[in-house]
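The primary structure of each chain is shown beneath.
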Amino acid sequence: MISDTIAQISTAIGQGAISIVRLSGEESINIVNKIFKGDNLEKVDTHTVHYGHIIYKDKAIDEVLVTVFRAPKTFTTEDIVEINCHGGVFVANKILEILFLEGARSANPGEFTERAFLNGRIDLTQAESVMDIIEAKSDFSLSLANKGLDGEIYKLIVDLRTDLLNIIAHIEVNIDYPEYDDVIELSNNLIKPKIESLITKIKKLINKSNYGKIIKDGLKTAIIGRPNVGKSSILNALLREDKAIVTKIQGTTRDVVEGSINIGGIILNLIDTAGIRESSDLIENIGISKAKKMIEEAELILFVLENNQALTKEDEELLKLTEHKKRIVIINKTDLNKELTHKFENSVQISALHKTGIDNLEKLIKDMFLSGEVNIIDQTYISNARHIGKLNDTLNSLYDSIKAIQEELPIDFPEIDLKTAWATLGEIIGDTSTTSLLDELFAKFCLGK
Ligand SMILES: Nc1nc2c(ncn2[C@@H]2O[C@H](COP(=O)(O)OP(=O)(O)OP(=O)(O)O)[C@@H](O)[C@H]2O)c(=O)[nH]1
Ligand SMILES: [Mg+2]
């Protein structure tokens with residue numbers, strides 16, 4: 001049982017019109033009441049706002065609005081008080097300090113949400129969604145996070161666990177299936193197909209989750225090409241800002257330059273790199289090896305070629321190096337006359353200097369990642385790396401169980417793997433107790449029998 005009362009400034013630290021200092025815990029109302037001049041907060045109704053002053057040792061600290069939320073219908077399920085004070089860093093900190101002197105403890109990062117989880121108001125995926133909402137960078141990622149907060153991920157996982165539970169229940173009651181007098185026959189005919197269909201379900205979820213990750217974190221996009229083809233100019237054109245230095249000197253960009261844009265809901269985390277060539281310049285060479293590393297890490301490569309020049313050996317090498325990647329070939333400097341004779345899949349012609357063709361480039365990126373996914377917004381995706389990792393662990397346990405069945409091991413062996421899978425799925429939603437497996441299993445028996 002959590003009993004101490006925590007307090008923290010809930011708004012961003014900085015100058016603003018208002019700051020909110022929030023408390024949660026049994027003593028919240030009592031602590032604030034001691035320093036609040038206005039209504040007696042111990043007596044007021046829940047979910048009400050009160051005007052007054054924070055007074056400490058007879059000194060007025062600030063004019064405030066205090067909101068009182070009484071347990072259990074609050075974010076943490078505990079008593080919560082929010083003090084809306086003036087938005088100076090000093091005054092908000094001063095109030096916080098006084099609250100500490102009066103018995104509150106400084107809340108750790110995320111502790112309010114942690115309490116909501118520990119007190120059973122939200123599951124772990126919902127708690128994580130709160131973070132995702134705060135960090136959302138686009139409409140898509142916000143709506144994805146909101147689905148998480150609504151408990152959609154929780155539901156997906158609970159469904160998978162129900163399937164798993166059914167399978168385990170079948171094993172536990174195998175003696176009750178007279179048509180299978182042989183355990184091996186039971187495992188192969190009844191249990192194995194059920195596990196296989198669960199594997200298919202989870203695999204689909206994992207595949208879709210790649211989309212979720214893109215929506216949430218954006219696409220790591222590297223602009224690659226040999227020196228002087230116009231990479232930095234393209235970065236600037238896409239960002240609509242002169243962020244990277246552009247000159248006619250080869251080897252201008254030496255370190256990576258980054259920036260983000262939102263193209264139709266997809267966040268592109270752009271990285272402009274040093275032009276790749278043989279060089280004797282130490283700094284440039286470091287930049288070049290960074291660029292090569294970026295190629296490996298990137299989820300999308302914008303490969304830049306110059307319109308007025310034939311492909312060089314370096315171009316050919318870079319094309320080879322990036323051929324297994326999601327790649328768009330940008331033919332830049334179309335304002336210069338000569339035509340490039342080479343044809344590439346996913347290619348656009350632009351002039352970064354005159355800012356023409358940029359819209360075509362943006363459309364191509366959008367089509368590449370959103371084509372046929374018009375409903376992207378209506379679906380639930382698992383986007384959290386932790387969840388994806390656990391789903392993969394679950395898959396591995398399920399594969400192990402299939403293997404155990406194929407090797408005709410005693411039925412307890414696959415059952416152990418299935419229980420491990422159950423526990424791993426539980427870790428996603430924060431339900432790791434084995435007693436809950438027993439409880440649910442038991443409930444199932446009661447239902448069926
Ligand atoms: N005519 C023309 N010139 C361009 C265009 N895009 C870029 N340039 C010019 O090409 C030169 C090199 O451009 P950058 O953007 O610095 O090229 P980069 O690929 O980043 O070069 P490094 O950083 O050296 O690898 C500059 O003089 C630009 O003004 C274009 O579309 N048309
Ligand atoms: Mg450059």
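Here, the structure is the one placed above.
Residues numbered from 1 in each chain as written. Chains lettered and ligands numbered in written order. Predicted model: local features only at pLDDT ≥ 70, side-chain atom pairs only at ≥ 80, totals over all residues. Heavy atoms only, no water.

Caption draft 1: Up close: the overall build of the protein chain. Tallying secondary structure elements over the protein chain gives 14 helices and 13 strands in all. In terms of overall dimensions, the protein chain is more spread out than a globule: its C-alpha atoms have a radius of gyration of 29 Å, far above the 22 Å expected for 449 residues. Its C-alpha atoms give the protein chain principal-axis dimensions of about 85 × 80 × 40 Å. Burial statistics for the protein chain: of 449 residues in total, 47% are counted as buried. Considering only contacts within the protein chain whose residues lie at least 6 apart along the sequence, 64% involve residues at least 24 apart. For the protein chain, the exposed surface amounts to about 22800 Å²; the carbon and sulfur share of it is 53%. Side chains of the protein chain give 52 positive and 69 negative charges; the mean places of these two sets differ by 6 Å. (Helix = DSSP H or I, 4+ residues; strand = E, 2+ residues; numbered from the N terminus. Rg over C-alpha atoms; globule rule 2.2 N^0.38 Å. Buried < 20%, exposed > 50% of the residue type's maximum accessible area, 1.4 Å probe, protein only. Contact = heavy atoms within 4.5 Å. Areas by Shrake-Rupley, 256 points an atom, 1.4 Å probe, with all protein chains shown as cover. Lys, Arg positive; Asp, Glu negative; His and termini not counted. Charge placed at Lys NZ, Arg CZ, Asp CG, Glu CD.)

Caption draft 2: Representation of the pairing of strand S4 (residues 48-56) in the model. Sheet topology note: the strand S3 (residues 36-37)/S4 ladder contains 2 bridges and is antiparallel. Residue pairing in the sheet places Lys37 in a bridge with His53 of S4. Across 9 bridges, the pairing between S4 and strand S5 (residues 59-69) is antiparallel. Within the sheet, the bridge partner assigned to Gly52 lies in S5 and is Val64. Taken together, S4 and the strand that follows it, S5, pair antiparallel across an intervening segment of 2 residues, in which Lys57 is found at a positive phi of about 50 degrees. (Pairing = 2+ DSSP bridges.)

Caption draft 3: Focus on a nonpolar patch on the surface. Judged by side-chain polarity, Val49, Tyr51 and Leu65 come together as a nonpolar surface patch covering roughly 290 Å² of accessible area. One can find Val49 in strand S4. A residue is classified by how much of its surface remains accessible, and Val49, at 52% relative accessible area, is exposed. (Patch = residues over 30% accessible without salt bridge, like charges linked within 9 Å, V, L, I, M, F, W, Y side chains within 5 Å. Salt bridge = Lys/Arg side-chain N within 4 Å of Asp/Glu carboxyl O.)

Caption draft 4: Inspection of the packing of aromatic side chains at higher detail. Counted according to the given criterion, the structure contains 0 aromatic pairs. Geometry around Phe112 places Arg22 over its ring, the cationic atom sitting 4.3 Å from the centre. (Phe/Tyr/Trp six-rings, centres within 6.5 Å; stacked < 30°, edge-to-face > 60°. Lys NZ or Arg CZ within 6 Å of the ring centre and 35° of its normal.)

Caption draft 5: Up close: the sheet that holds strand S11 (residues 300-306). A sheet is described by the order of its strands in space; here 6 strands give the open sequence S9-S10-S8-S11-S12-S13, paired in mixed fashion. Unpaired on one side and paired on the other, strand S9 (257-263) and strand S13 (347-349) mark the two borders of the sheet. Along the sheet, successive strands turn relative to each other by an average axial angle of 25 degrees, direction set aside. The sheet contact formed by S11 and strand S12 (residues 327-332) spans 6 bridges and is parallel. Of the residues in S12, the one forming a bridge with Glu306 is Asn332. (Axes fitted to C-alpha atoms, helices over the stretch in contact; angles between N-to-C directions.)

Caption draft 6: Region of interest: the packing of helix H6 (residues 152-172) against helix H13 (residues 412-429). In the contact formed by H6 and H13, the axes pass within 10 Å of each other and the chain directions differ by 160 degrees. On the basis of the axis angle, H6 is roughly antiparallel to H13. The way H6 lies across H13 gives a crossing that is left-handed. For the pair formed by H6 and H13, the contact residues are Tyr154, Ile157, Val158, Leu160, Arg161, Leu164, Leu165, Ile167, Ile168, Ile171 and Glu172 on the first element and Glu415, Leu418, Lys419, Ala421, Trp422, Leu425, Gly426, Ile428 and Ile429 on the second. (Parallel < 35°, antiparallel > 145°, perpendicular 65-115°, else oblique. Left-handed = near helix turned anticlockwise from the far one by under 90°.)

Caption draft 7: Region of interest: the environment of Arg22. Counting through the fold element by element, Arg22 comes out in strand S2 (residues 18-24). Look at Arg22 and you get buried, because its relative accessible area is 19%. Taking the C-alpha atoms as reference points, Arg22 and Leu321, separated by 299 residues in sequence, lie 53 Å from one another. Discounting chain neighbours no more than four positions away, the residues touching Arg22 are Ile6, Ala7, Gln8, Ser10, Phe75, Ile80, Val81, Glu82 and Phe112. Among the polar contacts made by the side chain of Arg22, one reaches the side chain of Ser10 at a distance of 3.4 Å. (Polar contact = N/O pair within 3.5 Å; in protein donor to acceptor, adjacent residues only side chain to side chain.)

Caption draft 8: Region of interest: the side chain of Asn384. Here Asn384 lies in the loop between helix H11 (358-370) and helix H12 (385-406). Within the structure, Asn384 has its side chain in polar contact with the backbone nitrogen of Arg386 (distance 2.7 Å).

Caption draft 9: The arrangement of the pairing of S11 in detail. Across the 7 residues of S11, 7 count as buried, placing the element largely inside the fold. Burial of S11 is two-sided: the residues Leu300, Leu302, Val304 and Glu306 facing one way and the residues Ile301, Phe303 and Leu305 facing the other way are all buried. Where strand S8 (residues 219-224) lies against S11, 4 bridges are found, and the strand directions are parallel. Looking at S11, one finds that Ile224 is bridged to Phe303. Between the parallel pair S11 and S12, the chain is carried across by helix H10 (residues 313-321), and the sense of this crossover is right-handed. (Right-handed = clockwise from strand over helix to strand, strands pointing away.)

Caption draft 10: Structural context of the site of ligand 1. Near ligand 1 lie 23 residues; those nearest to it are Lys231, Ser233, Gly251, Thr252 and Asp335. Val229 places a main-chain nitrogen or oxygen 3.3 Å from an oxygen atom of ligand 1. At 3.5 Å, a backbone N or O of Thr247 approaches an oxygen atom of ligand 1. Burial of ligand 1 by the protein amounts to 91% of the accessible area it has alone, namely 650 Å². At 3 residues, the largest contribution of residues to the shell around ligand 1 is made by helix H8 (residues 231-239). Here the residues of the shell around ligand 1 sort into 7 nonpolar, 12 polar and 4 charged. (Near = heavy atom within 4 Å. Nonpolar A, V, L, I, M, F, W, Y, C, P; charged D, E, K, R; others polar.)

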